[in-house]
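Residue-level listing of the chains:
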Amino acid sequence: MQEELKAILAGVRETVPNIQSRAEFESFKATISGPKGTLTNAMKGMGKVPKEDKPAIGKLINEAKTAINAEFETVLERLEAAEIAAKLGPAIDPTLPGPDLNRGALHPIAQVREEMVNLFRRIGFSVAEATEVETEHYCFDALNIPSDHPARDMQDSYYLPDALEVSNVSKHADEKYLLRTHTSTVQIRTMLQQQPPVRIVAPGRCFRRDTPDATHSANFHQIEGLYVDKHVTLLDLKATLDHFVKTIFGPKAKTRLRPSFFPFTEPSFEMDFYSPDLGKLSNKWLEIMGCGMVDPEVFKAVGIDPDSYTGYAFGMGIERIAMILQGVDDIRYYYQNDVRFLKQFA
Ligand code: DAH
């Protein structure tokens, strides 16, 4: 009996390290402790053992059982650990560098936006923002844009359905929501929140019903500027814009203001610039923004006294500046996300 038990235990110890799955384990275990298993058989042999030998043999059987169960436990622990490891996947070392060392870059439009915003920040402007969904009041009325102005036409702007509710933009019942057509809306929202002096730039996305072509996109970006204080004059506007143009396009660039019209400025101008170092575009006057002195009607709409305060405002398309700076001749390249294009600006 003793020999038989020893042989069973030795067999278990030999087989157990090779077991690779629970199924394999269960079928092997059955050959030992199942109803027809070798250990079960040995235990059945107890009946034939002489009475005086029973205590000693019983002890041997118990020892063998304990040893065999310990082996089985070890296998189960090993199988379980392997299952968990398989679920977790390969070990991760979070201190290793990322696999792609080719880091991303800002989009070319964002690069130009940052350059422009930082330039204005250095001369005391802060950055203001407002929503892209707007009401007719903020987009038009408060900016003195009359109701028969073409910009307000259904064909020129993206109006939103009447039933739409926009929780963070409130409107009057008889107004419509629309996607802002320019960043001039931020002038109004800022002046309603903040007493003069106000000195902000507002970069942001704008939307117009344009048929896309090389120079038009239904979605584009602008930067708005606004400076309101006592004694702000046209000279301040001219000096600030000169500084802007010379910083962005180089010290040889020249500027000029051409009389124009915007409902929210009086007088109003288009600003052109001219540079000898612009490749194909050198030595031509290029129009880059609208500007002027804030119209007293706009001050009245936001409750600022036009007899005490004056201000200037300007607004320009970021794509327009980017195209000149980056030598891009079709605005649509900016929105196609073709890496061959984008990589040139990384
Ligand atoms: N909002 C005008 C546009 O989208 C641009 C503009 C012109 C902005 C004159 C201004 C300004 O602040 O003074 O065409």
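Let us look at the structure shown here. (Residues numbered from 1 in each chain as written. Predicted model: local features only at pLDDT ≥ 70, side-chain atom pairs only at ≥ 80, totals over all residues. Heavy atoms only, no water.)

## Quick word on the site of the ligand
And step 1. Neighbouring residues of the ligand: 15 residues in total, closest His 182, Ser 184, Arg 208, Gln 222 and Glu 224.
And step 2. A distance of 2.9 Å is found between a nitrogen atom of the ligand and a side-chain nitrogen or oxygen belonging to His 182.
And step 3. Within the contact set of the ligand, an oxygen atom lies 2.6 Å away from a side-chain nitrogen or oxygen of Glu 224.
And step 4. In this structure the site holding the ligand corresponds to the largest pocket.
And step 5. Here the residues of the shell around the ligand sort into 5 nonpolar, 8 polar and 2 charged. (Near = heavy atom within 4 Å. Polar contact = N/O pair within 3.5 Å; in protein donor to acceptor, adjacent residues only side chain to side chain. 1 Å grid on protein atoms, 1.4 Å probe; cavity = no way out; pocket = protein on both sides within 12 Å on 5 of 7 lines; lining within 4 Å. Sits in = over half its atoms within 2 Å of the grid points. Nonpolar A, V, L, I, M, F, W, Y, C, P; charged D, E, K, R; others polar.)

## Quick word on the pattern of salt bridges
And step 1. In the structure shown here, the tally under the stated rule is 16 salt bridges.
And step 2. Between Lys 59 and Glu 63 there is a salt bridge; the shortest N-O distance is 3.8 Å. Taken together, the positions of Lys 59 and Glu 63, both in helix H4 (residues 54-88) and 4 residues apart, correspond to about one turn of that helix.
And step 3. Lys 59 gets classed as exposed once you look at its relative accessible area, which sits at 55%.
And step 4. Of the residues examined, Glu 63 reaches a relative accessible area of 43% and is grouped as partly exposed.
And step 5. One salt bridge in this structure joins Lys 300 and Glu 297, with 3.2 Å as the shortest N-O distance. Pair noted here: Lys 300 and Glu 297 are both in helix H9 (residues 296-301), with a separation of 3 residues, about one helical turn.
And step 6. Here Glu 297 falls in the partly exposed class, since its relative accessible area comes to 38%.
And step 7. One network of salt bridges, in which partners are shared, links Arg 256, Arg 258, Asp 272 and Glu 287. (Salt bridge = Lys/Arg side-chain N within 4 Å of Asp/Glu carboxyl O. Helix = DSSP H or I, 4+ residues; strand = E, 2+ residues; numbered from the N terminus. Buried < 20%, exposed > 50% of the residue type's maximum accessible area, 1.4 Å probe, protein only.)

## Comments concerning the sheet that holds strand E7 (residues 265-274)
And step 1. Read from one edge to the other, the open sheet built from 7 strands follows the order E1-E4-E5-E9-E8-E7-E6, with strand pairing classed as mixed. For this open sheet the edge positions go to strand E1 (126-127) and strand E6 (254-262), each flanked by a neighbour on one side alone.
And step 2. Bridge analysis of E1 against strand E4 (residues 198-207) gives 2 bridges, and the strand direction is parallel. What sits directly across from Val 127, in E4, is Val 201. (Pairing = 2+ DSSP bridges.)

## Observations concerning helix H2 (residues 22-33)
And step 1. Counted at 1.5 Å a residue, the expected span for H2 with its 12 residues is 16 Å, and the 16 Å between its end C-alpha atoms agrees.
And step 2. Those residues of H2 lying buried are Phe 25, Phe 28 and Ile 32. The arc that holds every buried residue of H2, seen down its axis, measures 75 degrees, which confines them to one face.
And step 3. Contacts from the buried residues of H2 go to helix H1 (2-15), helix H3 (38-44) and H4. (Expected span 1.5 Å × (residues − 1). Arc of directions from axis to C-beta. Contact = heavy atoms within 4.5 Å.)

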